[in-house]
Every structure is written in C-alpha cells, then in structure tokens.
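Below, each chain spelled out in residue letters.
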Amino acid sequence: MDTILKSTTKEVKISIDKPFVVIGEKVNPTGRKILAGALAEGNYDYVLELVKKQVDAKADILDVNVGVPGLDEVKVLPEVAKLISDNYDLPLCLDSANHDALAAALAVLPGKLLINSVNGEEKSLEKVLPLVKEYGAAVIGLTMDDDGIPSDVETRVSIAGKIIERAAKLGISEEDIVIDPLVLTVGADSNAALVTLGTIDMIRKEFGVNINLGASNVSFGLPDRHTVNQAFLSLAISKGATCAITDPVKLTSIIRATDLLMGRDKSSLRYLKFYRSQQKK
Ligand code: THG
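If you look the protein chain up in an unreviewed UniProt entry, it shows as Dihydropteroate synthase from Candidatus Desulfolinea nitratireducens.

Next up, the structure:
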C-alpha cells in the first residue's frame, strides 16, 4: 500500500516496504513562544530557519501548523505553507483543525499534500473528506470521535475502519488514508504507549494502510524526552508504523538505525549516507 505525496518536483512514497518517512514537526507554535511571536508579527525568516534545520536533518515531509490563539489561520496557513513550498522542494503536511484554513492553503499549493487531519466525528468527516477528494490530497485519520480518544485498542481500530469506509464512499482510496492511532504521554498513564502499539499492530493486520504517529507526544512532562521518543519510535516502527511527525534533528539517526535493523537498507547505504551528511556539519 503506497501513499504518494508530491511537492513541485519531488515525490515521497510512504509504504511498509520502504524506509520510514520523517515528517518534521518543528513548524508548530504550540508551547513555543518564539515561533508564536514570529508568526503573529509575520516574521517568517524564523519559520524558514526551522525549515532549513529539518531539511538538513533529512525530513522527507514538513508538518505546517500555525495554530496560535487569536491568529487568522485562514490567512497565515496558506502564506506560510506557500513560502515554505517556494523555498524548499518537499511535500507538506497541513496541520490544522480549521477547515477554511486547509481549503485556502490547498488552493494555492502545488503538488499532492497530506491533510492533517480528519477524525471519526461526523462533522469532521463531512467537512474534511470532500476537501481530500476535491484536491486529490491524502489525509491523516485520527482514531478519535465525539466521545474523545478511546482508551482501548478495539475502539480505536473501529474508528479507523469508519474513516476508511466513509472515504471510500466518496471515491477516496485506502492509499490516500494514513491512520494515526494517537499517542498520549506515558507520564500520565503507564499503558498509553502499549495501547498505541497494540492499535498499530491491529490496523496493520486488518486494513494494511499506512500509519502515522505524533511521536513526541509520548514523552510530554518527562525529563530527557528524546530518549523516550527514540525508544518509542523504534518499537512503533517494528509494529508497522510507516511515518511519524517528529523532530528530525533528534530522531532521524534512530530511524535510520531502525530501518537498517528491519532489513530496509541494502548494504547500510542510507544509514551511512546520513551519518556522513551529519559529520560534514
Ligand atoms: N497527530 C497528528 N498531528 C499532530 C499530532 C499528532 N500534530 C501536532 C502534534 N501531535 C505533533 N507535533 C508536535 C510538535 C512538537 C512537539 C510535540 C508534537 C513538542 N515540541 C517540544 C516542546 O514543545 O517542548 C519542542 C521540541 C524541541 O525541542 O524541538 O513536544 O499526534 N496527526
């Protein structure tokens, strides 16, 4: 099952048979005062700095989230996404709960984008899926609905099934759905990561679709977060996750190592290439 995304000239394929795909998380002002301020002032140089860091650390795709309270996302999301796309040739993941902002960004961007996200709530399905169809985009489906995030594997899997089914009714293929089994912090619930890992396993077996994770969520509230993120990603990849929204600066090396261990890196070429590219800096 291949999910294909495109920028102006490049194509990224998400697939269980291919190396794990890194979606850079850093253009997201949640809890980041400097970025929130820069977005509010229209200082987009800072955004481009964050983009460059992630591209240098071999992000395949970039998540773009401009959700600052009081900021007009309908204006700013297309502006920022277009700026990134004009300067860097890699596909974007539009991260917004605002349907109008998603529509405005889709209208001005080239390529085949990843919409982040739809979920099992009726109003989300009704608003977001038609956009996916209209723009020939792909979409991340979150395994939550009107009742919130289920605490058990089975209910998360059934929501994934519902999203896939509803998309099919509009003629959106399974290739264009990437399911996100949702990651909560293990700091609050010691079973949180296990439920996510169990959901990955079952979705892989039942639907075979691609699977994304907001991997850094797992360590909220803990010290030395990157160590926890690294261990979690490695486990999640072994269960069948195929892409993650995460910090490429801290996580690409462990992802390359995991691909190597999973037999997805002939003659260790990608591992070595990444190692050398980071030595040069
Ligand atoms: N699923 C989907 N989309 C998502 C999420 C998800 N989008 C948002 C979020 N969750 C994923 N993005 C982030 C971005 C940053 C952080 C966590 C998740 C984060 N940042 C550190 C902080 O704020 O302290 C800073 C990290 C750093 O040092 O750079 O933790 O689950 N589909």
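Still more ground to cover, so stick around.
Draft legend 1. Spotlight on a positive patch on the surface. On the surface, Lys58, Lys273, Arg276, Lys280 and Lys281 cluster together into a positively charged patch. Within the secondary structure, Arg276 is located in helix α10 (residues 269-279).

Draft legend 2. Broad picture of the sheet that holds strand β3 (residues 21-27). Sheet architecture is closed into a barrel: eight strands sit in the order β3-β4-β5-β6-β7-β8-β9-β10, paired in parallel fashion. This sheet shows a mean twist of 30° between the axes of neighbouring strands, independent of strand direction. Bridging between strand β4 (residues 61-64) and strand β5 (residues 92-95) involves three bridges; their strand directions are parallel. Across the sheet, Asp63 pairs through a bridge with Cys93, a residue of β5. Helix-sheet contacts for helix α6 (residues 153-169) involve β6 (114-119), β7 (138-142) and β8 (177-180), and the interaxial angle to β8 is about 160°.

Draft legend 3. Broad picture of the site of the ligand. As a structural note, the neighbourhood of the ligand is formed by 18 residues, with Lys26, Asp95, Asp180, Asn217 and Arg225 the closest of them. The separation between a nitrogen atom of the ligand and a polar side-chain atom of Asp95 is 2.8 Å. In the environment of the ligand, an oxygen atom lies 2.8 Å from a nitrogen or oxygen atom belonging to the side chain of Asn217. Among the elements of the structure, β3, β7 and β9 (210-214) are those that each provide at least two residues to the shell around the ligand. For the shell around the ligand, a count of residues per class yields four nonpolar, seven polar and seven charged.

Each value, and the rule that gives it
Residues numbered from 1 in each chain as written. Predicted model: local features only at pLDDT ≥ 70, side-chain atom pairs only at ≥ 80, totals over all residues. Heavy atoms only, no water. Patch = residues over 30% accessible without salt bridge, like charges linked within 9 Å, V, L, I, M, F, W, Y side chains within 5 Å. Areas by Shrake-Rupley, 256 points an atom, 1.4 Å probe, with all protein chains shown as cover. Salt bridge = Lys/Arg side-chain N within 4 Å of Asp/Glu carboxyl O. Lys, Arg positive; Asp, Glu negative; His and termini not counted. Charge placed at Lys NZ, Arg CZ, Asp CG, Glu CD. Helix = DSSP H or I, 4+ residues; strand = E, 2+ residues; numbered from the N terminus. Pairing = 2+ DSSP bridges. Axes fitted to C-alpha atoms, helices over the stretch in contact; angles between N-to-C directions. Contact = heavy atoms within 4.5 Å. Near = heavy atom within 4 Å. Polar contact = N/O pair within 3.5 Å; in protein donor to acceptor, adjacent residues only side chain to side chain. Nonpolar A, V, L, I, M, F, W, Y, C, P; charged D, E, K, R; others polar.

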